[in-house]
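# Geometric and topological summary
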Amino acid sequence: MNKADESEAFDVVIIGGGHAGCEAAAAAARMGARTALVTHRFATVGEMSCNPAIGGLGKGHLVREIDALDGLMGRVGDAAGIQFRVLNRSKGPAVQGPRAQADRTLYRKAMQAAIRATRNLEVIETAVEDLIVEYGAAAGIVTADGRRILAGAVVLTTGTFLNGLIHIGERKIPAGRINEAPALRLSDRLYGLGLRVGRLKTGTPPRLDGKSINWHGLQVQQGDEPPQPFSFLTGRITTPQVVCHITHTTEATHAIIAANLARAPIYSGDIRSVGPRYCPSIEDKVVRFKERERHQIFLEPEGFDDDTVYPNGISTSLPEDVQVAFLATIPGLEQVRVKRAGYAIEYDYVDPRELTLGLEVKAVPRLFLAGQINGTTGYEEAAGQGVLAGINAARAAGGAREPFIVTRADGYLGVMIDDLVTRGVAEPYRMFTSRAEYRLTLRADNADQRLTPLGLAAGCVDGERGLAFAAKSKVLAEGKAMLKSLTLTPDEATKHGLTVNRDGRKRSAYELLAYPDIDLATLARIWPDINNLDTRIADQLAVDARYAVYLKRQEIDIAAFRKEEAIAIPQDFAFEGIAGLSTELRQKLERDRPASLGQAARLDGMTPAALLLLLAHLKKDSRWKTA
């Protein structure tokens, strides 16, 4: 760390040390760019501002994909995880999501250690007051004490700090998060650049003293045994594991909340911005789901050496006295002590339609945005954007003309970025598996097979992961070849108790795995060598085999998708000159400037007829080409 010499210059400067900032800084540095991570205090790098957990439905896919591109979150989560669970385990593999409860202190320390160990990366402790923009492009930053730090590209990852305002009942506290000052001038600067800026909100529950909780009688939630790591580089989890507990609100809880809605900022009119629909406050739950007699609460420990408990499910901005009152009506929390009140926070964000698919601001080249500033919510969504913004900032600083892009067919990272820059947001965006068209292909277990080759080609994957990936790919290929080489006839199958068509055709072990009542354990009784397969390799092969027919069909859909994505639209294409397009569509196309015919097809209101018209005019353009 240093205090930043006035004349110092970097290839890439990252503003903000949250989840997006850490991943952006590490990714840019892995690309070989001399990188500076500028943050108020290094001690808060890797802070988990809200819930102490990583992953979940859709989000676990993102963590695996970040890891596949050699990002930090998966390895750090494995080092800090104190309870691992695969969610949706009873459902198909496409929608299963790995999740881990984390020790806040271990996570922060592990992330800080990872940042310290990253080559080409320096940390500068200071506040940033302004951006340097020269000839219309980002060229550096100005710190709070007036120093100028020049850069080939700048990545802004401000989280909830842009004009942040905390609400606790009637109290309003300007802050980026509790006890930390907001970024005011940077917000003004973005307005000054002519960017479309809006306002969103999020919230967090009160933190509880675990020593004051009556744990007797509460439902115990165990983790998986053995715990399944996030990172493809983690052999096994060595951190001791803990249990969580489950309780619930009561009718008395709901009565207290309902009686005090006038004091809740989201109902008194103090908060007018939109919060995350899929993570509503307890006030919202009581109002929107009046028929519900109870709402589940997960009591999640924040660490081994910390008695703090995070009550997942009761985010609130009610006054502190009301929080204490309603908590006392919850089983197990009758005598609970509140260590910190819950709160809501409003903050500015930039309409992500201002960005390219590479997360570069269209109107300000070499300025990249990642994380909540783009209208998302969640650590994983922020970290995923950070990886891609860091890679592309390094590419821009190095003179590359084309960005590194993960498409919707490549990963959930691509789904998220495309959703953001094509459709924008009306509320904080979070990832769900339902957002992806190619879910069966984009599974959590094969994220490295999908993305690590792209990362290797881009230069963002280090040698250790490259070697590990090559080794795994070899074992996967050998395992698949072995399963395809083991065959039996229908008569032989019948002798082993397997029911197949008696058509005289030999079937391989790989083919037999597609049958719903046949699994690897069944086949291992016939061919004991199957037992020699590594568990994770065997599981992936079993899924690939079971869904082979459907995966082939999805490959056809993906090929059609890639064909449309390959039809590029020039950056300065004159949409207004297309006769026959509605005024509304022309305005949308001019405003959002899709990069390809495929992206144009996903704009709201785009019709097949309009798409054909656009394609016809593209073919007339002298620069007509497919990407």
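Up top you'll find the structure we're talking about.
These figures come from a predicted structure and were not determined experimentally.

## Thoughts on the overall build of the protein chain
For the protein chain, the count of helices and strands is 21 helices and 22 strands. At 26 Å, the protein chain has a C-alpha radius of gyration in line with the 25 Å of a compact globule built from 627 residues. With respect to the three principal axes, the spread of C-alpha positions in the protein chain is 80 × 75 × 50 Å. A buried classification covers 58% of the 627 residues belonging to the protein chain. For the protein chain, the accessible surface area stands at approximately 26200 Å², while carbon and sulfur atoms represent 51% of it. Positive and negative side-chain charges in the protein chain, numbering 78 and 76 respectively, have mean positions lying 3 Å apart.

## Some points on the pairing of strand S19 (residues 343–350)
The element S19 is extensively covered by neighbouring structure, given that 8 of its 8 residues are classed as buried. Burial along S19 is two-sided: the face carrying Tyr343, Ile345, Tyr347 and Tyr349 and the face carrying Ala344, Glu346, Asp348 and Val350 are both buried. The pairing of strand S10 (residues 165–168) with S19 spans 3 bridges and is classified as antiparallel. Directly across from His167, in S19, lies its bridge partner Ala344. Strand direction decides the pairing type here: strand S12 (residues 197–204) and S19, joined by 8 bridges, are antiparallel. The residue bridging Leu200 from the neighbouring strand is Tyr347, located in S19.

## Regarding helix H13 (residues 463–485)
A rise of 1.5 Å per residue sets the reference length of H13, with its 23 residues, at 33 Å; its end C-alpha atoms lie 33 Å apart and thus fit the reference within 8%. Taken together, the buried positions of H13 are occupied by Arg465, Gly466, Phe469, Lys472, Leu476, Gly479 and Leu483.

## As for the packing of helix H12 (residues 447–458) against H13
Where H12 contacts H13, the axes come no closer than 11 Å and their chain directions differ by 140 degrees. Classified by the angle their axes make, H12 and H13 are oblique. Taken as a pair, H12 and H13 cross one another with a handedness that is left-handed. Touching Asp448, Gln449, Thr452, Pro453 and Leu456 of H12 are Gly466, Phe469, Lys472, Ser473 and Leu476, all from H13. Of the residues in the contact of H12 with H13, the class split is 4 nonpolar, 4 polar and 2 charged.

## Things to note about the layout of surface pockets
Rolling a probe over the atoms, with the probe sized like a water molecule, indicates the empty space that remains. Estimates place the volume of the second largest pocket at around 1500 Å³. As for the second largest pocket, its lining consists of 45 residues, of which Arg401, Glu402, Pro403, Ile405 and Ala595 are closest to the centre. Among the elements that take part in the lining of the second largest pocket, helix H11 (residues 412–423) stands out by supplying 4 residues, more than any other. Within the lining of the second largest pocket, the residues separate by chemical class into 22 nonpolar, 8 polar and 15 charged.

## Points about the sheet that holds S12
The sheet built from 4 strands is open, its strands ordered S11-S10-S19-S12 with antiparallel pairing. Each edge of the open sheet carries a strand with a single partner, namely strand S11 (171–174) and S12. The average angle at which neighbouring strand axes cross in this sheet is 25 degrees, direction not considered. In this structure, S10 lies alongside S11, joined through 4 bridges in antiparallel fashion. Residue pairing across strands places Leu165 opposite Pro174, the latter belonging to S11.

## Observations regarding the pattern of salt bridges
Enumeration according to the criterion identifies 48 salt bridges in this entry. The closest approach of N and O atoms between Arg148 and Glu134, which form a salt bridge, is 3.5 Å. Here Arg148 is found in strand S9 (residues 148–156), whereas its partner Glu134 is found in strand S7 (residues 128–134), with 14 residues between them in sequence. Looking at Arg148, the relative accessible area reads 41%, which means it is partly exposed. With its nearest N and O atoms 2.7 Å apart, the salt bridge here joins Glu590 to Arg593. Take Arg593: its relative accessible area is 25%, and that puts it in the partly exposed class. One continuous salt-bridge network, built from bridges that share partners, spans Arg408, Asp418, Asp419, Arg423, Glu437, Glu565 and Arg602.

Definitions and limits used
Residues numbered from 1 in each chain as written. Predicted model: local features only at pLDDT ≥ 70, side-chain atom pairs only at ≥ 80, totals over all residues. Heavy atoms only, no water. Helix = DSSP H or I, 4+ residues; strand = E, 2+ residues; numbered from the N terminus. Rg over C-alpha atoms; globule rule 2.2 N^0.38 Å. Buried < 20%, exposed > 50% of the residue type's maximum accessible area, 1.4 Å probe, protein only. Areas by Shrake-Rupley, 256 points an atom, 1.4 Å probe, with all protein chains shown as cover. Lys, Arg positive; Asp, Glu negative; His and termini not counted. Charge placed at Lys NZ, Arg CZ, Asp CG, Glu CD. Pairing = 2+ DSSP bridges. Expected span 1.5 Å × (residues − 1). Axes fitted to C-alpha atoms, helices over the stretch in contact; angles between N-to-C directions. Parallel < 35°, antiparallel > 145°, perpendicular 65-115°, else oblique. Left-handed = near helix turned anticlockwise from the far one by under 90°. Contact = heavy atoms within 4.5 Å. Nonpolar A, V, L, I, M, F, W, Y, C, P; charged D, E, K, R; others polar. 1 Å grid on protein atoms, 1.4 Å probe; cavity = no way out; pocket = protein on both sides within 12 Å on 5 of 7 lines; lining within 4 Å. Points joined across faces, edges and corners; volume = space filled by probe spheres on them. Salt bridge = Lys/Arg side-chain N within 4 Å of Asp/Glu carboxyl O.

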